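Coordinate inspection notes
Residue-level listing of the chains:
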Amino acid sequence: MTCQKFSVALLHWEFIYLTTAFNLAYPITPWRFKLSCMTPNTTYDFLLPTGISKNTSNLNEHNEAVVEDKLNSSSTYFSNLSSKTTFHCCFWSKEEKNCSVHADNTEGKAFISTVNSLVFQQIGANWNIQCWMKEDLKLFICYMESLFKNPFKTYDLKVHLLYVLPEVLDESPPVPQKGSFQIVQCNCSVHDSCECQVPVPTAKLNHTLLLYLKITSGGINFQSPLMSVQPINVVKPDPPLGLHMEITDAGNLKISWSSPTLVPFQLQYQVKYSENSSTNMRKADEIVSATSLLIDSVLPGSSYEVQVRGKRLDGPGIWGDWSTPLIFTTQDVIYFPPKILTSVGSNVSIHCIYKNENEIVSSKKIVWWLNLAEKIPASQYTVLGDRVSKVTFPNLNATRPRGKFTYDAVYCCNQQECHHRYAELYVIDVNINISCETDGYLTKMTCRWSTNAIQSLMGSTLQLRYHRSSLYCSDVPSIHPISEPKDCHLQRDGFYECIFQPIFLLSGYTMWIKINHSLGSLDSPPTCVVPDSVVKPLPPSSVKAEITVKIGLLKISWEKPVFPENNLKFQIRYGLNGKEVQWKIYEVYDAKSKSASVLVPDLCAVYAVQVRCQRLDGLGYWSNWSSPAYTVVMDIKVPTRGPEFWRIINEDTTKKERNVTLLWKPLMKNDSLCSVRKYVVKHHTSRNGTWSEDVGNHTKFTFLWTEQGHSVTVLAVNSIGASFVNFNLTFSWPVSKVNTVQSLSAYPLNSSCVLLSWTLSPSDYYLMYFVTEWKILNEDSEIKWLRIPPSVKKYYIHDHFIPIEKYQFSLYPVFMEGVGKPKIINSFTQDDIEKHQHDAGLYVIVPIIISSSILLLGTLLISHQRMKKLFWEDVPNPKNCSWAQGLNFQKVPFSIFLTQNIERTFFEV
């Protein structure tokens, strides 16, 4: 009987002896599985209800009834167990009907048996278990919670996880001894649930982790079978980030999100969403490998709720937690795209679906407005079905900012009714000029560009991108699909500067500016640059400047820069040195030349000179100007002439001697060429012949006049030699008595000008010039003098004259034979002062009179024209006026109109 009972129970519960306890480990699945436990001494009589046949067919038919019948009695049974009792546990899942049981037979040998899981589910202790690897790949977590109604007390629950992670990677590692397991206490702070954490090194993610659980509750011990898992196969991703919904340019609803950043493999995503609108309700669940999903047939006034979770795409893994639900509601008017960013000259289109009071407006009734101020012509509309209207903007101009609004508002309207929502149109001029130059050492290329010419868009970023071709540029530059970004830095002058280093001189660099914005990106027109064609050479070196001796030219010399090796042209600028140099340009096109000479007006001035160069073929840039070189003032030629001089004669009547003092002004540089080292006075008399006296740099020299005739010449001497052209003055006693000047008058015009006039008498001597002297009378003041040409008879003297002082004026005729007798006056000419003052007043009064006359004449002409027009307007039509009939209005005197008009007036009155 015992044998039959054992056989029936064995068949019914499907016990199959497999192997020893720790030689097999339960593989952890990527989904939830269950742990169920019961005592090892449970008898089959206990499991089978009384009165039920032991026949296997009957057992199969009443299997569920047996379990349910014994459920209540099992609770009492668990409560009576000893604290030393050890439960046998097994793992099972929804996909499995059986579970593996660890049991000891009478001989003390451990066995693993397969038992129908329904038995444990109804009369055993049960837990839900899920194990996974966190996304950060650092912690392995096992989470367990109580399942069904456990028939034992759950107070004082303690759970420990024991694990071992082999050092060597092996798909089937040997089962280690129990003493090699590490133990982790699980956190059971939440009621009827626990969480166990095992740290896993990154290098061992592919190793096999062996573990099992020990559970203690109310003095009862449970021990799970051994489990095995590779942590990398049960990674649980975090919920996706940045869940977002928007209407696309095509009018679809786009659900997008960001992939978790820590997972080392590609993910697949499960998206569940629901749509709720006045006309439609739907739910959907889709799995995608991309990070976005498009939902078509979006209607205005609809509400969408979306959640997303992720799982490993290739290979085993665990679905992550769902993201937080996101709700998106479409507006009553849908624009797609709702915002457009485009460039000048482009064509764009905007679509619209209009909902009014729960009804979709027909696309044929939709009209479009720009900024609610300008109705867009119907020729730009396109009807797309019954619901969608499209408007197209061709060849757009740049948006003109209106206050804080930097866009144009495009309104979709139901005939004359417009919704307050609108689409935003941003049009930007992206014509950005990029200029590049290669340095003189041919080692780097610097490119510069400015955004001042374009409208800045809030939130936009600009980036220079480029593509380098192997050789030169194409005829028409185009944006290459493969490009690289270049870091550019804003300079103080408002330009961005980017440096390419190293460079390939003959490669073509195609570059453009990419404008990135949340609305999209725009590219400026591309430009292509070959570094060899934009070289800015180093400036010429060893620049020297000098005024050539005897020739008198400004000579400039320089050394050509080492790079580039192309033929160069040179440009010279020169000018008188000073605070603001007035530059003159001289160009040299001979590539072999290293010097040039130019004419300059002043040979005795300091000139500043600079030189720069450029490729002879015109490519590239002019170099910077060289450091300035300066000429040194030095004597170029002998002085062009000697100084002008005059004499003062002091006569001693007692000794019958005359002391002559010569006076002259220092020579200017343009006469001395360029300096005077000394002056030499050359004497000539009939008795003593010729001799010279060196007076150094003095401008005064006195000698004794003893002979009847004495000629002197003053020479200027520089480092080159003495002047060739000089002034002579002859002193002659007979000639000094020749009286040629008959009268002399001095008229003060103002405090700075005096007019001298004189009359002459005939003379046989040849007149060379006059010399006039003036000084303040009765004072030992300096005598001033100047030369006057012989052909004039009046002369203006410009000096500072004091009105209350008396002045002495002298006029000397100078003949070739000597100096004649002077005419001297000791005051201004009183008789004609008032006359000259009156004449000066006429110069002021006459222009005033003339101007007034012209103004009066113009006034009379205008008045005459107005009066004539007045009377002609009053002339009636001859057909309607008796007195006007028969008159020829071209010949009749003007007075008749006046007379007739007056008579008519009196008659009418």
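Computed from a predicted structure; not experimentally measured.

1. Quick look at the overall build of the protein chain
Looking only at helices and strands, one finds eight helices and 62 strands in the protein chain. Across the 909 residues that make up the protein chain, the buried fraction comes to 42%. Carbon and sulfur atoms make up 52% of the accessible area of the protein chain, which totals about 50900 Å².

2. Here we look at the sheet that holds strand 49 (residues 645-652)
Across the sheet, three strands lie side by side as 49-50-53; this open sheet has antiparallel pairing. Each end of this open sheet is capped by a strand with a single partner; those strands are strand 49 and strand 53 (700-705). Within the sheet, the average angular offset between the axes of one strand and its neighbour, ignoring direction, is 20 degrees. In terms of strand pairing, strand 50 (residues 657-664) meets strand 53 through six bridges, oriented antiparallel. By the bridge assignment, Leu662 is partnered in strand 53 with Phe701.

3. Remarks on the environment of Trp774
Turning to its location among the elements, Trp774 is positioned in strand 58 (residues 767-776). Trp774 gets classed as buried once you look at its relative accessible area, which sits at 6%. Separated by 35 residues in the primary sequence, Trp774 and Phe809 place their C-alpha atoms 4.5 Å from one another. Within the local environment of Trp774, its side chain forms a polar contact with the side chain of Asp799, the two groups lying 3.0 Å apart.

4. Thoughts on the state of the cysteines
Enumeration according to the criterion identifies nine disulfides in this entry. Covalent S-S linkage joins Cys131 and Cys142, the inter-sulfur distance amounting to 2.0 Å. In this structure the cystine formed by Cys131 and Cys142 twists about its S-S bond by roughly 110 degrees; its chirality is therefore right-handed. With Cys131 in strand 6 (residues 125-134) and Cys142 in strand 7 (residues 139-147), this pair connects stretches of sequence that are eleven residues apart. Looking at Cys131, the relative accessible area reads 0%, which means it is buried. Disulfide pairing is shown between Cys488 and Cys498; the S-S distance is 1.8 Å.

5. Regarding the nonpolar core
Ranked by size, the top nonpolar core spans 62 residues in total, and within it Trp127, Ile129, Phe140, Leu161, Leu211 and Val271 carry the most contacts. Residue contributions to this core peak at six residues, all from strand 6.

6. Considering the pairing of strand 15 (residues 241-247)
Pairing geometry for strand 15 and strand 16 (residues 253-258), over five bridges, is antiparallel. Residue pairing across strands places Glu246 opposite Lys254, the latter belonging to strand 16. Where strand 15 hands over to strand 16, the hairpin turn is made up of five residues, of which Gly251 adopts a positive phi near 90 degrees.

7. Structural notes on the layout of surface pockets
The computed volume of the largest pocket comes to approximately 710 Å³. Around the largest pocket, the lining comprises 22 residues; the ones closest to its centre are Ile247, Tyr335, Pro337, Pro338 and Lys339. Listing elements by their share of the lining of the largest pocket, those giving two or more residues are strand 15, strand 21 (326-329), strand 22 (333-336) and strand 23 (339-343). Residues of the lining of the largest pocket, tallied by class, amount to eleven nonpolar, six polar and five charged.

8. Things to note about the pattern of salt bridges
Oppositely charged side chains can form a pair if their charged atoms are brought close together. Under the definition given, this model contains 13 salt bridges. Glu497 is the partner of Arg448 in a salt bridge, and the nearest nitrogen-oxygen pair spans 3.3 Å. Taken together, the residues span a long stretch of sequence, with Arg448 in strand 34 (residues 445-450) and Glu497 in strand 38 (residues 495-500) at a distance of 49 residues. For Arg448, a relative accessible area of 24% translates into the label partly exposed. The salt bridge involving Asp671 is made with Arg641; its shortest N-O contact spans 3.2 Å. In this pair, Asp671 sits in helix 6 (residues 669-672) while Arg641 sits in the loop between strand 48 (629-630) and strand 49, placing the two residues 30 residues apart along the sequence. Judged by its relative accessible area of 16%, Asp671 falls in the buried class. Note on Arg641: relative accessible area 23%, which makes it partly exposed. A network of salt bridges, in which partner residues are shared, links Arg448, Asp493 and Glu497.

9. Regarding the packing of aromatic side chains
The full count for this structure, using the stated rule, is 26 aromatic pairs. Measuring from centroid to centroid gives 5.3 Å for Tyr407 and Tyr426, while their planes differ by 55 degrees, and the two rings are tilted. Of this pair, Tyr407 sits in the loop between strand 29 (388-393) and strand 30 (408-414) while Tyr426 sits in strand 32 (residues 423-428); the two residues are 19 residues apart in sequence, bridging distant segments of the chain. Like Tyr407, the residue Tyr426 is buried in the burial classification. Measuring from centroid to centroid gives 5.9 Å for Phe703 and Phe731, while their planes differ by 65 degrees, and the two rings are edge-to-face. Taken as a pair, Phe703 in strand 53 and Phe731 in strand 55 (residues 728-732) lie far apart in primary sequence, 28 residues in all. Of the two residues, Phe703 and Phe731, both sit in the buried class. Of the aromatic side chains, those joined through ring pairs into one cluster are Phe405, Tyr407, Tyr411, Tyr422 and Tyr426.

10. So, the sheet that holds strand 20 (residues 303-312)
Taken together, the four strands give an open sheet; going across it, the order is 18-17-20-21, and neighbouring strands pair in antiparallel fashion. Since the sheet does not close on itself, it has two edges, and those belong to strand 18 (281-288) and strand 21, each with one partner. Within the sheet, the average angular offset between the axes of one strand and its neighbour, ignoring direction, is 20 degrees. One ladder, built from ten bridges, connects strand 17 (residues 267-276) with strand 20; its direction is antiparallel. Along strand 20, the bridge assignment pairs Tyr273 with Val306.

Cut-offs and rules
Residues numbered from 1 in each chain as written. Predicted model: local features only at pLDDT ≥ 70, side-chain atom pairs only at ≥ 80, totals over all residues. Heavy atoms only, no water. Helix = DSSP H or I, 4+ residues; strand = E, 2+ residues; numbered from the N terminus. Buried < 20%, exposed > 50% of the residue type's maximum accessible area, 1.4 Å probe, protein only. Areas by Shrake-Rupley, 256 points an atom, 1.4 Å probe, with all protein chains shown as cover. Pairing = 2+ DSSP bridges. Axes fitted to C-alpha atoms, helices over the stretch in contact; angles between N-to-C directions. Polar contact = N/O pair within 3.5 Å; in protein donor to acceptor, adjacent residues only side chain to side chain. Disulfide = S-S within 2.5 Å. Core = buried A, V, L, I, M, F, W, Y, C linked by side-chain atoms within 4.5 Å. 1 Å grid on protein atoms, 1.4 Å probe; cavity = no way out; pocket = protein on both sides within 12 Å on 5 of 7 lines; lining within 4 Å. Points joined across faces, edges and corners; volume = space filled by probe spheres on them. Nonpolar A, V, L, I, M, F, W, Y, C, P; charged D, E, K, R; others polar. Salt bridge = Lys/Arg side-chain N within 4 Å of Asp/Glu carboxyl O. Phe/Tyr/Trp six-rings, centres within 6.5 Å; stacked < 30°, edge-to-face > 60°.

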